[in-house]
Amino acid sequence: MKNDILLNIDDPHQLEKLYRQNKSAFRQQFSLAYPELKENKVADFWNERLNYESEEVYWGTTKDITFVIIASILAGTIAKLPAFFNLDEAYFYQRNIGFIIFPILTLYFSRKNKFKTKAIIFIGVAMLVSLIFINFLPHQKKSDSLLLSCIHLPLFLWCILGYAFVGGSLGNYEKRLGFLRYNGDLVVMTTVILIAGGILTGVTIGLFKLIDLKIEKFYFENVVIFGVAAVPIVATYLTDTNPQIVNKISPVIAKIFSPLVLITLIAYLVGIVISGKDPYNDREFLLIFNALLIGVMAIILFSVAGTSKSIKKHAETFVLFLLSVLTVIVNGIALSAILFRISEWGISPNRVAVLGGNILMLTNLILVTIRLLKALTKKSDKTEVGAAIALFLPFYAIWAFLVTFFLPLIFNFK
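Residues numbered from 1 in each chain as written. Predicted model: local features only at pLDDT ≥ 70, side-chain atom pairs only at ≥ 80, totals over all residues. Heavy atoms only, no water.

S.K.: Even after reading the chapter, I still don't get the packing of aromatic side chains, so can you show me in this structure?
M.R.: A ring pair, where both rings are aromatic, is described by two values, the distance of the centres and the angle of the planes. In this structure the tally under the stated criterion is 27 aromatic pairs. Ring geometry for Phe-26 and Phe-30: centres 6.1 Å apart, planes at 10°, overall stacked. Separated by 4 residues within a single helix, Phe-26 and Phe-30 lie in helix α3 (residues 23-33), roughly one turn from each other. In this structure Phe-26 comes out as buried when scored by relative accessible area, which is 0%. Each residue in the set Phe-67, Tyr-108, Phe-109, Trp-158, Phe-165, Phe-179 and Tyr-182 is aromatic and connected to the rest through ring pairs, giving one cluster. The ring of Phe-67 is capped by Arg-111, whose NZ or CZ atom sits 4.7 Å from the centre of that ring. (Phe/Tyr/Trp six-rings, centres within 6.5 Å; stacked < 30°, edge-to-face > 60°. Helix = DSSP H or I, 4+ residues; strand = E, 2+ residues; numbered from the N terminus. Buried < 20%, exposed > 50% of the residue type's maximum accessible area, 1.4 Å probe, protein only. Lys NZ or Arg CZ within 6 Å of the ring centre and 35° of its normal.)

S.K.: I would appreciate a short explanation of the environment of Ser-130 in the present structure.
M.R.: Turning to its location among the elements, Ser-130 is positioned in helix α9 (residues 117-136). Between the C-alpha atom of Ser-130 and that of Asn-96, which follows or precedes it by 34 residues, the distance is 9.8 Å.

S.K.: Please explain the packing of helix α10 (residues 144-165) against helix α11 (residues 173-210) as it appears in this structure.
M.R.: The description of two packed helices rests on the angle between their axes and on the distance between the axes. Between α10 and α11, the least distance of the axes is 9 Å, while the angle of their chain directions is 120°. Of the possible angle classes, the one that applies to α10 and α11 is oblique. Viewed along their axes, α10 and α11 form a crossing whose handedness is right-handed. Mapping the contact onto sequence places Trp-158, Leu-161, Gly-162 and Phe-165 in α10 and Lys-175, Gly-178, Phe-179, Leu-180, Tyr-182 and Asn-183 in α11. Of the residues in the contact of α10 with α11, the class split is 6 nonpolar, 3 polar and 1 charged. (Axes fitted to C-alpha atoms, helices over the stretch in contact; angles between N-to-C directions. Parallel < 35°, antiparallel > 145°, perpendicular 65-115°, else oblique. Left-handed = near helix turned anticlockwise from the far one by under 90°. Contact = heavy atoms within 4.5 Å. Nonpolar A, V, L, I, M, F, W, Y, C, P; charged D, E, K, R; others polar.)

S.K.: Any chance you could explain the side chain of Ser-110 here in plain terms?
M.R.: With respect to the helices and strands, the residue Ser-110 is situated in helix α8 (residues 102-112). Given the relative accessible area of 9%, Ser-110 is considered buried. Among the polar contacts made by the side chain of Ser-110, one reaches the main-chain carbonyl oxygen of Thr-106 at a distance of 2.8 Å. When residues no more than four places from it in sequence are discounted, the contact partners of Ser-110 are Phe-115, Ile-123 and Ala-164. (Polar contact = N/O pair within 3.5 Å; in protein donor to acceptor, adjacent residues only side chain to side chain.)

S.K.: Just to check I follow, could you spell out the environment of Val-354 for this structure?
M.R.: Along the chain, Val-354 falls in helix α16 (residues 349-376). Considered as a pair, Val-354 and Leu-335 are 19 residues apart in the sequence and their alpha carbons are 8.3 Å apart. When near neighbours in sequence (up to four residues on either side) are disregarded, Val-354 contacts Asn-290 and Ile-338.

Spelled out as structure tokens, the structure:
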């Protein structure tokens, strides 16, 4: 694409054709080619076109806003089903928490990408089968395999959302990375809205207390639950229609937190040695250890996805490389601990799920670390780091599918 842009820079018709064929790739490669074309008027025009950001917030069309309002009400209604039908809240939310948001967000992107009927049917059937399966599993309070299925189901639904986000173009790595960037932006925007909502809640309850009206119970059971359910939908709409709001914030947060997480991880590993904690025989510590691993892994993935286009400073790449190396070490310790526990006490649903997840993350991390090292030594382009992440997303989807639908059956709901 970069070579095509350079060759056709004086041919507006061909440039427009290249842009329409693959907008994301054109945008990425043009930014790499532009330093060589700064004296060219056509290149200047395209640079302004691709990087123009309106200072005003775009609220979308009336049809779009109506869709968001209806979708938000629907999400809140789903969240309130236990109250409407007197259902066991623990049972309902454990199995259905993912269905409050993911199907609606999937519908949002299916609508945006103008999916054909076949694709919509595929998504609908996948969601419906998931809903029926998880709710018809036997109710056993002490079933590890059932709990793991409930935990991995939202991850599987998240993968279906990813399919809708990329418009069914599973082979497009740039769109896969765009999905990760969307998740990072969504976290930022959701957090901002929740903070604002929390302030509004405090002010509202405080004002009504001044006139001796206690609205806490009603407010939390109705307004708050609908508001919390609506936040991811509203945040998605805002980040989608106004990318300029957060697309500069997320990379900054990644740049700040990556070195802080690196320092924290080093201190934590030193602390493990000093305290003598043993993940091989301490089950609770191993669970926390794996939770830490997942958190750091997510930070690396979102950091690389958010900066893969713009990693220009050697120091940023070096910090991500060190963080990846340390996370590989942590993952290796966790993986060896799981293998030790399997050899000592046999196979269990938890050990199988953690083992598979650790193998996937370790393989992905090693690949990312190698790409970061090549980027540091200038043996490859930094965009290949993002490709290493995008390459593995389908494997996480497959693993989530297997744990959700097959692990309870294999272990007979133990």
